[in-house]
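# A look at the structure
One-letter residues, chain by chain:
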Amino acid sequence: GGNALQVTRRHCHRRRHRLHHRHLHLTSSTIPLQTSLQQTGLERDRLRAQLAQLETEHAAGQAHAEELRAEGAQLLLDLQAFERQNEQLTSQLGSLETALHSEGAEREAAHSQAQVTAPQLAPHLPPLPLRAFPSRLTPRPPSLHSQLATMKQMLSGLERSREVTQ
């Protein structure tokens, strides 16, 4: 009986020793797995934070792009209004130049007619004092000249601002 007890004891002791080794082996292999799992969790958290930051930046970028689209649309409207105003001013300038040219031609014709008629009438008219010809009788259209100058200034200003916007 004593021998069988010793055999069983040795057998139990060997079994316990193998189980202890196995436990140590399993424990030693789970530590790296736990460390790896912790590192993976930290990496996941870092990536989530980075994703949240990228989503915030993306939303800000989209908002800025929308502002730029709206600004571009407003600039297009401004440019179209500017071009319409430029066309109107160019048309008005052409009309003023035509009117000024016509008036100049009429003055030239009246002056030529006066030079032809004056010598014929001069012998029949008594001499007049100089103050008999007030300056208001001499036709001067300063309004046409000033309008023309103003229109030319406005047109050159519009052309300069147009060059800047292009």
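Refer to the structure above for everything that follows.
The following paragraphs examine the structure supplied in this document. Predicted model only: the values in this text are computed from it and were never measured.

### Notes on the overall build of the protein
The helix and strand inventory of the protein stands at two helices and zero strands. Within the span of the protein, comprising 166 residues, buried residues form 8% of the whole. In the protein, once contacts between residues fewer than 6 apart in sequence are set aside, the share between residues at least 24 apart is 100%. About 14400 Å² of surface is accessible on the protein, with carbon and sulfur atoms providing 60% of the total.

### With respect to the pattern of salt bridges
One pass over the full model with this rule turns up three salt bridges. Two residues, Arg46 and Glu43, come together in a salt bridge whose shortest N-O distance is 2.5 Å. Within this pair, Arg46 and its partner Glu43 are both found in helix 1 (residues 2-121), separated by three residues, close to a single helical turn. Look at Arg46 and you get partly exposed, because its relative accessible area is 43%.

### Comments concerning a positive patch on the surface
On the surface, Arg10, Arg14, Arg15 and Arg18 cluster together to form a positively charged patch. Along the polypeptide, Arg15 turns up in helix 1.

### Thoughts on the side chain of Asn86
If you trace the backbone, Asn86 turns up in helix 1. Look at Asn86 and you get buried, because its relative accessible area is 7%. Sequence-distant contacts of Asn86, that is, excluding residues within four places in its chain, are made with Leu155, Leu158, Glu159 and Arg162.

### As for the nonpolar core
With 10 residues, the main nonpolar core is built from Phe82, Leu89, Leu93, Leu96, Leu100, Leu144, Leu148, Met151, Leu155 and Leu158. Going through the elements one at a time, helix 1 and helix 2 (142-165) are the ones with two or more residues in this core. The residues contacting Leu96, other than those within four sequence positions of it, are Leu144, Gln147, Leu148 and Met151.

Cut-off values and rules
Residues numbered from 1 in each chain as written. Predicted model: local features only at pLDDT ≥ 70, side-chain atom pairs only at ≥ 80, totals over all residues. Heavy atoms only, no water. Helix = DSSP H or I, 4+ residues; strand = E, 2+ residues; numbered from the N terminus. Buried < 20%, exposed > 50% of the residue type's maximum accessible area, 1.4 Å probe, protein only. Contact = heavy atoms within 4.5 Å. Areas by Shrake-Rupley, 256 points an atom, 1.4 Å probe, with all protein chains shown as cover. Salt bridge = Lys/Arg side-chain N within 4 Å of Asp/Glu carboxyl O. Patch = residues over 30% accessible without salt bridge, like charges linked within 9 Å, V, L, I, M, F, W, Y side chains within 5 Å. Lys, Arg positive; Asp, Glu negative; His and termini not counted. Charge placed at Lys NZ, Arg CZ, Asp CG, Glu CD. Core = buried A, V, L, I, M, F, W, Y, C linked by side-chain atoms within 4.5 Å.

Spatial relationships are all this shows, so hold off on functional conclusions.
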